[in-house]
Amino acid sequence: MLIFGIETSCDETACAIVKDGREVISNVVASQIKTHQAFGGVVPEVAAREHLDAINVVIEETFAQSGIKPSEIDAFASTAGPGLVGCLLVGLNAAKTLSLVYNKPYIPVNHLKAHVCANFIDTDLKPPFTCLLVSGGHTQIINVSDYGKSEIAASTIDDATGEVYDKVARLLGLSYPGGIQLDKLAQNGNREAFKLPEAKVGEDEFSFSGLKTAVLRLTQRFKNEQMPVNDICASFQETITSTLIKKTVKIAQKNNSKTIVLAGGVAANSRLREKLFELQKPENGSYQVFAPKMKYCTDNAAMVASAAFFNPMKVENPLELEVFSRG
Ligand code: KG4
Ligand code: ZN
């Protein structure tokens, strides 16, 4: 089954063609990072207009790279939410239009489920598994018992992981989007330079506001001196990745799960991936672990097409479905 996926929930205009949920035929991403850099974050109205400018070009490029004709596609899918409403509307209307023109089904997809499904691409991963989903808007541990069947076992009570990365990066004077830059500097720093706090919250909760404040205090301490940016990045990264992995392992143990997977933009983080792969060692529990390829961690449409195959939204009349901002 060939599915054409569209992703426009935030600041990437992306399309992809994926066969049977696992094999990517073509994958195109047009990023708006340069536009939003001047504002230090995504400006929703500007993002929506950029999607409008880019969408037709990205659709055409995706078909051109695949060698597949639109009439050969079995279904058209798009992210219906959560995300920025004006942005989501562009992708949803493009997918619905293609579905009407070529007389093939329209399949709506939940963005978070799509991030999880990025793990099915080019792998033989099968449920059950425990997934740590860490993106710019969400932090959750999800027990996936079957395709299309999952339960949230833990979530954040304040900031999302990617959001904390971006805010801490801004405190350190790094440019938007800060997560990836912070990760790079952390690789040249001393992880043990500063002891930062891990929140004492319930097993099913994450809280990062204390950690964020601790980094703020630290930066204030160095006001008139050279700030050891790399060491602060490394210490922050060590603390947050350690919290994330510890909680995920605890929930996997509780759920008798021997497979742990990562998902979301922060799944691209070097230290988080390193810690995940350490879980394969016998002394760490001999877990089977999966993380999406780097290009499928941050927003892309291959994961949307995969989710349309493995975990579509169940709605009576998809062509009448509207976008949603939260979920
Ligand atoms: O999943 P995503 O592309 O968009 C949302 O659905 O939110 O995630 C974007 C987030 C941003 O906060 C970005 O800073 C973060 O993922 N991110 C990273 C890295 N690459 C992207 N955070 C830490 N380390 C990275 N290497
Ligand atoms: Zn995302």
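About the thresholds
Residues numbered from 1 in each chain as written. Chains lettered and ligands numbered in written order. Predicted model: local features only at pLDDT ≥ 70, side-chain atom pairs only at ≥ 80, totals over all residues. Heavy atoms only, no water. Donors = N, O, S within 2.8 Å, 3.2 Å for Na, K, Ca; no water. Helix = DSSP H or I, 4+ residues; strand = E, 2+ residues; numbered from the N terminus. Buried < 20%, exposed > 50% of the residue type's maximum accessible area, 1.4 Å probe, protein only. Near = heavy atom within 4 Å. Polar contact = N/O pair within 3.5 Å; in protein donor to acceptor, adjacent residues only side chain to side chain. Areas by Shrake-Rupley, 256 points an atom, 1.4 Å probe, with all protein chains shown as cover. Nonpolar A, V, L, I, M, F, W, Y, C, P; charged D, E, K, R; others polar. Axes fitted to C-alpha atoms, helices over the stretch in contact; angles between N-to-C directions. Parallel < 35°, antiparallel > 145°, perpendicular 65-115°, else oblique. Contact = heavy atoms within 4.5 Å. Pairing = 2+ DSSP bridges. Expected span 1.5 Å × (residues − 1). Bend = angle between axes of the 7 residues up to and from the residue. Lys, Arg positive; Asp, Glu negative; His and termini not counted. Salt bridge = Lys/Arg side-chain N within 4 Å of Asp/Glu carboxyl O. Phe/Tyr/Trp six-rings, centres within 6.5 Å; stacked < 30°, edge-to-face > 60°. Lys NZ or Arg CZ within 6 Å of the ring centre and 35° of its normal.

*Asks:* How should I be thinking about the coordination of the zinc ion (ligand 2) in this particular structure?
*Replies:* Each donor-metal-donor angle would ideally measure 109.5 degrees in four-coordinate tetrahedral geometry, or 90 or 180 degrees in six-coordinate octahedral geometry. Within the protein, the atoms that donate to the zinc ion (ligand 2) are H111 (NE2), H115 (NE2) and D299 (OD), at distances of 2.0 to 2.1 Å. Donor residues binding the zinc ion (ligand 2) come from one chain and are separated in sequence as H-x3-H-x183-D. Separated by four residues within a single helix, H111 and H115 lie in helix α4 (residues 111–117), roughly one turn from each other. Overall, H111 belongs to the buried group, its relative accessible area being 8%.

*Asks:* Sorry if this is basic, but what is going on with the site of ligand 1 here?
*Replies:* As a structural note, the neighbourhood of ligand 1 is formed by 18 residues, with H115, G136, D166, G265 and N269 the closest of them. A distance of 3.4 Å separates an oxygen atom of ligand 1 from a polar backbone atom of G137. Considered on its own, ligand 1 offers 550 Å² of accessible surface; in the complex 88% of this is hidden by protein. Elements represented by at least two residues in the shell around ligand 1 include exactly α4, α5 (161–171) and α6 (178–186). In the shell around ligand 1, the residues fall into four nonpolar, eleven polar and three charged.

*Asks:* Hey, could you run me through the packing of α5 against helix α8 (residues 229–254) in this one?
*Replies:* Any two packed helices are characterised by the angle at which their axes cross and by the distance between the axes. The contact between α5 and α8 brings their axes to 12 Å, and the two run at 170 degrees. With respect to each other, α5 and α8 are oriented roughly antiparallel. For the pair α5 and α8, contact is made by T161, V164, Y165 and V168 and by F236, Q237, I240, T241 and L244, respectively. A class-by-class count of the residues in the contact of α5 with α8 yields six nonpolar, three polar and no charged.

*Asks:* Explain the pairing of strand β3 (residues 23–31) to me, please; I cannot follow it from the model alone.
*Replies:* The side chains of a regular strand alternate, residue by residue, between the two faces of the sheet. Pairing geometry for strand β2 (residues 12–19) and β3, over eight bridges, is antiparallel. The partner of T13 across the bridge, within β3, is A30.

*Asks:* For this particular structure, what's the right way to read helix α2 (residues 44–66)?
*Replies:* An α-helical turn contains 3.6 residues, so a residue and the one three or four places further along point in the same direction. Across its 23 residues, α2 extends 31 Å between first and last C-alpha, which sits within 8% of the 33 Å expected from 1.5 Å per residue. Where α2 bends most, at A54, the angle is about 40 degrees. Of the surrounding elements, those touching the buried residues of α2 are β1 (2–7), β2, β3, α1 (33–37), β4 (75–81) and α3 (85–102).

*Asks:* Looking at this structure, how should I read the side chain of R22?
*Replies:* Turning to its location among the elements, R22 is positioned in the loop between β2 and β3. It is D124 that comes nearest to the buried, bridge-free R22 among opposite-charge side chains, at 6.1 Å. Within polar-contact distance, the side chain of R22 engages the backbone oxygen of F120 at 3.4 Å.

*Asks:* Even after reading the chapter, I still don't get the packing of aromatic side chains, so can you show me in this structure?
*Replies:* Any aromatic ring pair is given by two values, namely how distant the centres are and how the planes are angled relative to each other. Scanning the entire structure with this criterion turns up eleven aromatic pairs. Measuring from centroid to centroid gives 4.7 Å for F4 and F63, while their planes differ by 15 degrees, and the two rings are stacked. With F4 in strand β1 and F63 in helix α2, the pair connects residues that are 59 residues apart, well separated along the chain. The two residues F4 and F63 agree in class, both being buried. With a centroid separation of 5.0 Å and 75 degrees between ring planes, the pair formed by Y165 and F236 is classed as edge-to-face. Of the two residues, Y165 is situated in helix α5 and F236 in helix α8; the sequence distance between them amounts to 71 residues. Taken as a pair, Y165 and F236 share a single burial class, namely buried. When the ring centre of F206 is taken as reference, the NZ or CZ atom of K247 above it lies at 5.5 Å. If you follow K258 out to its NZ or CZ, it ends over the ring of Y287, 4.1 Å from the centre.

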